[in-house]
Amino acid sequence: MPRVGTALRELRGAQKSAKGVSLYSRFVNRPAGRYLAAGSYALGLTPNQVTLVSAAFSFAAVAAVALAAPSWGLGVAVWAALAVGFAFDSADGQLARLRGGGSASGEWLDHVVDCAKLTALHTCVLIAFYRFPDAYGTAGADGTASGGWLLVPLGFQFAAVVTFFGGLLTEKLKPRPAPGSPAAAPSTLRAVALLPVDYGVFCLVFLLLGGGGLFRWAYAALGVVAALFLLAFLAKWFRELSAVPR
C-alpha cells in the first residue's frame, strides 16, 4: 500500500518532542499510533473519527470492568481494548499533523474523551469492587463491599483527573518557545521515572483481574504512586508558572 508507506515516512519526520514522555509512550504507544494513523489516512478517516474509534475501544473496556465478573480472560480483553484505544488516542493527533494540522474542535474532542475515559475507568473499578466483593476481596464483615476499599478508586480518580487537568492547564499557560529555538533533549532517566504514571503502563494492571486480591493490591499501589506523583507535579508546575511574568 504505497499511500500507507508514504504516510509513515512523513510521520517519522513529524513526531512531537519526546520531552516529558515515558519510555512506554515513546517506544510503544507512539510507534503503534503512527501505524494506525497511516492506515487511517489511507482509509480516508478524519482525526475526529479516529478519536471516536479510540473512545469506542476504551469505553467498551471500561463497561466490561463494571459489568462482567472478573476473570483472567476478561483481564486480557480489557487490557487489549484499553491499549488499542490508547494507541488510537496517539493516532488522531499524528493523523491531524499528516493532514496539515488539527482544529480547535478536534483538540477539544480529544481532551474531553481523555478526561471522560479517566473518570469512567476509576468509577467502573469502584462499581466492580461493589458488585463483586467476594471476587476482589473487598467484602467487609457483613459480606458487602467495604467502604475503605471503595474509597481507593475515588482517591485514584482524584489524583488522575487533577494531574490531567493540571498538566493541560500548565501547558496552556506556559509561554511557547520562540520559533526556531532548539527543542530540549529528552531525558532517559525522566522517561523511566514516569513509567509508573504512564496510562499505558497503568492499563497493564487489568491483566490481573483474574487474580482478585492481586488486582486490588496492585491497583491500590498504583493509586498511591499516582498521588505521590501528583504532589510532585503540582510543586513543579507551580514553580514553573511562578517564573512566568504576568
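Before reading on, note that the structure itself is shown above.
Notes on the structure follow. The shown structure was predicted, so the numbers you read here are calculated from the model rather than taken from an experiment.

## Some points on the environment of Glu-240
- Checked against the element boundaries, Glu-240 lands in helix α10 (residues 213–242).
- Accessibility expressed as a relative area gives 25% for Glu-240, which makes it partly exposed.
- Along the sequence, Glu-240 and Thr-170 sit 70 residues apart, while their C-alpha atoms lie 8.7 Å from each other.
- Residues contacting Glu-240, with those up to four places away along its chain left out, are Thr-170 and Lys-174.
- Here Lys-236 takes part through its side chain, which lies 2.7 Å from a polar atom of the side chain of Glu-240.

## Let's talk about the environment of Gln-157
- Within the secondary structure, Gln-157 sits in helix α7 (residues 147–173).
- When the C-alpha atoms of Gln-157 and Gly-223 are compared, they prove to be 8.4 Å apart, with 66 residues separating the residues in sequence.
- Residue contacts for Gln-157: discarding those within four places in its chain leaves Thr-119, His-122 and Thr-123.
- A distance of 2.8 Å separates polar atoms of two side chains, one belonging to Gln-157 and the other to Thr-123.

## Quick word on the side chain of Ser-40
- By the secondary structure assignment, Ser-40 is in helix α2 (residues 23–43).
- The exposure class of Ser-40 is buried, given its relative accessible area of 4%.
- Excluding anything up to four places from it in sequence, Ser-40 contacts Leu-45, Val-50, Phe-88 and Leu-95.

## Structural notes on the packing of helix α5 (residues 104–131) against α10
- Put simply, α5 and α10 touch, their axes get as near as 13 Å, and they point 145° apart. At the point where α5 passes α10, the crossing takes the left-handed sense. Listed contacts from α10 to His-122, Val-125 and Phe-129 of α5 are Phe-215, Arg-216 and Tyr-219.
- Of the residues belonging to the contact of α5 with α10, the class tally is four nonpolar, one polar and one charged.

## Considering helix α3 (residues 47–67)
- Compared with the 30 Å implied by 1.5 Å per residue over 21 residues, the 30 Å span of α3 between its first and last C-alpha is a close match.
- Within α3, the full set of buried residues consists of Pro-47, Val-50, Thr-51, Ser-54, Ala-55, Ser-58, Ala-61, Val-62, Val-65 and Ala-66. Seen end-on, α3 carries its buried residues on one side only, within an arc spanning 145°.
- Contacts from the buried residues of α3 go to α2, α4 (72–98) and α5.

The rules we used
Every chain's residues receive numbers from 1 upward, in the order its sequence appears when written. The predicted origin of the model limits local features to residues at a pLDDT of at least 70 and limits the giving and counting of side-chain atom pairs to 80 or more, whereas totals for whole chains, interfaces and linings rest on all residues. Side-chain numbers here rest on the full set of heavy atoms in the structure, without hydrogens or water. Secondary structure follows DSSP: runs of H or I at least 4 residues long count as helices, runs of E at least 2 residues long count as strands, and numbering of each begins at the N terminus. Throughout, exposure labels follow a simple rule: accessible area from a 1.4 Å probe, protein chains only, divided by the maximum for the residue type, with under 20% read as buried, over 50% as exposed, and the rest as partly exposed. What makes two residues a contact is simply this: any of their non-hydrogen atoms within 4.5 Å. In protein, a polar contact requires one atom able to donate a hydrogen and another able to accept it; more generally it is a pair of N or O atoms within 3.5 Å, and residues adjacent in sequence count only if both atoms are side-chain atoms. Between N-to-C directions, angles span 0 to 180 degrees; the directions come from axes that are lines fitted to C-alpha atoms, helices contributing only their stretch in contact. What makes a crossing left-handed is the near helix being turned counterclockwise from the far one by less than a right angle; a clockwise turn instead makes it right-handed. Under this grouping Gly is polar, as are all residues other than the nonpolar Ala, Val, Leu, Ile, Met, Phe, Trp, Tyr, Cys and Pro and the charged Asp, Glu, Lys and Arg. Expected helix span is taken as 1.5 Å per residue step, with the number of steps being one fewer than the number of residues. Our arc is simply the arc of the directions from the helix axis toward the C-beta atoms.

Coordinates in, geometry out; function isn't part of it.
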